[in-house]
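# Topology and contacts: notes
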Amino acid sequence: MDFTDLRFSKKSYFPTLIFQIELPQPEELNKQLLAAIYAQQERDQKGIERSNITALGGWHSHNDLHKVPEFSEITALVIEATRRMAEDQGYDRRYGMKIGTMWSIINPPGSSNRAHVHPGCLWSGVYYIHAPEKAGSIEFIEPRTAHLMNQPRFSPNAKRARENWTKVRFEPKPGRMIIFPSWLYHAVDTNESTETGRAGHRVIISFNLNQTKI
């Protein structure tokens, strides 16, 4: 049998979407956010523990920053970014994307965030305010169970196709926002910055989103 005319096609289903938004000239906004976040930390030194490791110096604010006036501009940015995302996805316009919780995390050198998901919401996101060199990337982990079972052997001398990756990292960059499905496991690498004091901190705003009827 002659197979030279064999018709071969590749189709991709069930993709995992991650949105990346870059804010041009974020310096002024980030300066305001840093001042507001450190003021919050001074009022509440302990903070709360979630995926951050408090024993290593990480600090996690309370979850209602979207209701605090000092964070109104970042709240507006999140709403606009998610409006565009909802439009891209063809969501029902009778429902709007609403912030359910918003918080800040300060990770000084040596601290990190454990792998976790965000139950009870559709999308989650992070906005980078301050991130020195080697501050620690966010890592997303293959959500399907295939990587826990048999794995194919790929060519050792060729770049693996993106659909076969089991992990992907995004570098923290001030002014960058990443929005991802809340069920997608993610972690944050250890902050290995050699900067001292606040210059060595990785400072972010995170948030959770759900659809609500308008």
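Summarised in this report is the structure supplied together with it. Given the structure is predicted, the values throughout are model-derived calculations rather than measurements.

Okay, the overall build of the chain next. For the chain, the helix and strand inventory stands at two helices and 10 strands. Reading the helices (α) and strands (β) of the chain from amino to carboxyl end gives β-α-β-α-β-β-β-β-β-β-β-β. Taking the principal axes of its C-alpha atoms as reference, the chain extends roughly 75 × 45 × 30 Å. The buried share of the chain, reckoned over its 214 residues, is 42%. Long-range pairs, those at least 24 residues apart, make up 88% of the contacts in the chain between residues at least 6 apart in sequence. Surface summary for the chain: the accessible area is close to 13,600 Å², and the carbon and sulfur share equals 52%. Mean positive and mean negative side-chain charge positions of the chain (27 and 23 charges, respectively) differ by 5 Å.

A separate point is the packing of aromatic side chains. Aromatic ring pairs are defined here through the distance separating the ring centres and the angle between the ring planes. Going through the model one piece at a time under the given rule, you end up with four aromatic pairs. Judged by centre distance (5.8 Å) and plane angle (85°), the ring pair of Phe140 and Phe170 falls under edge-to-face. Within this pair, whereas Phe140 is found in strand E6 (residues 138-141), its partner Phe170 is found in strand E7 (residues 167-170), the two being separated by 30 residues in sequence. Here Phe140 and Phe170 have matching classes, each one buried. One aromatic cluster is present, formed by Phe140, Phe170 and Phe180 through successive ring pairs. Sitting above the plane of the Tyr38 ring, Arg198 keeps its charged end 3.8 Å from the centroid.

Glancing now at the packing of helix H1 (residues 27-43) against helix H2 (residues 72-89). In helix packing, the relevant descriptors are the interaxial angle and the interaxial distance, both defined with respect to the helix axes. Put simply, H1 and H2 touch, their axes get as near as 9 Å, and they point 125° apart. What the angle tells us is that H1 and H2 run oblique. Residues Leu29, Gln32 and Leu33 of H1 lie in contact with H2, whose contacting residues are Glu73, Ile74 and Leu77. When grouped by side-chain class, the residues that make up the contact of H1 with H2 number four nonpolar, one polar and one charged.

Most of strand E8 (residues 176-181) is tucked away: six of the six residues are buried. One ladder, built from four bridges, connects strand E1 (residues 19-22) with E8; its direction is antiparallel. Among the inter-strand pairings, Glu22 is bridged to a residue of E8, identified as Arg176. Relative to E8, strand E5 (residues 123-130) is paired through five bridges, and the arrangement is antiparallel. By the bridge assignment, Tyr127 is partnered in E8 with Met177.

So, about the nonpolar core. Among soluble globular proteins, nonpolar side chains are generally buried collectively. Counting residues in hydrophobic clusters, the biggest one holds 29 residues, and the most contacted among them are Phe71, Tyr127, Ile179 and Ile205. Elements with a contribution of two residues or more to this core: H1, H2, strand E3 (95-107), E5, E8 and strand E10 (202-213). In terms of residue count, the dominant contributor to this core is H2 (six residues). Beyond its immediate sequence surroundings of up to four residues, Phe71 is in contact with Leu33, Ala36, Ile37, Gln40, Leu65 and Ile205.

Quick look at H2 now. Helix length check: H2 (18 residues) gives 26 Å between terminal C-alpha atoms against 26 Å at 1.5 Å per residue, within 8%. Following H2 by one or two positions, Gly90 adopts a phi angle in the positive range, close to 70°.

Definitions and cut-offs
- Residues numbered from 1 in each chain as written.
- Predicted model: local features only at pLDDT ≥ 70, side-chain atom pairs only at ≥ 80, totals over all residues.
- Heavy atoms only, no water.
- Helix = DSSP H or I, 4+ residues; strand = E, 2+ residues; numbered from the N terminus.
- Buried < 20%, exposed > 50% of the residue type's maximum accessible area, 1.4 Å probe, protein only.
- Contact = heavy atoms within 4.5 Å.
- Areas by Shrake-Rupley, 256 points an atom, 1.4 Å probe, with all protein chains shown as cover.
- Lys, Arg positive; Asp, Glu negative; His and termini not counted.
- Charge placed at Lys NZ, Arg CZ, Asp CG, Glu CD.
- Phe/Tyr/Trp six-rings, centres within 6.5 Å; stacked < 30°, edge-to-face > 60°.
- Lys NZ or Arg CZ within 6 Å of the ring centre and 35° of its normal.
- Axes fitted to C-alpha atoms, helices over the stretch in contact; angles between N-to-C directions.
- Parallel < 35°, antiparallel > 145°, perpendicular 65-115°, else oblique.
- Nonpolar A, V, L, I, M, F, W, Y, C, P; charged D, E, K, R; others polar.
- Pairing = 2+ DSSP bridges.
- Core = buried A, V, L, I, M, F, W, Y, C linked by side-chain atoms within 4.5 Å.
- Expected span 1.5 Å × (residues − 1).

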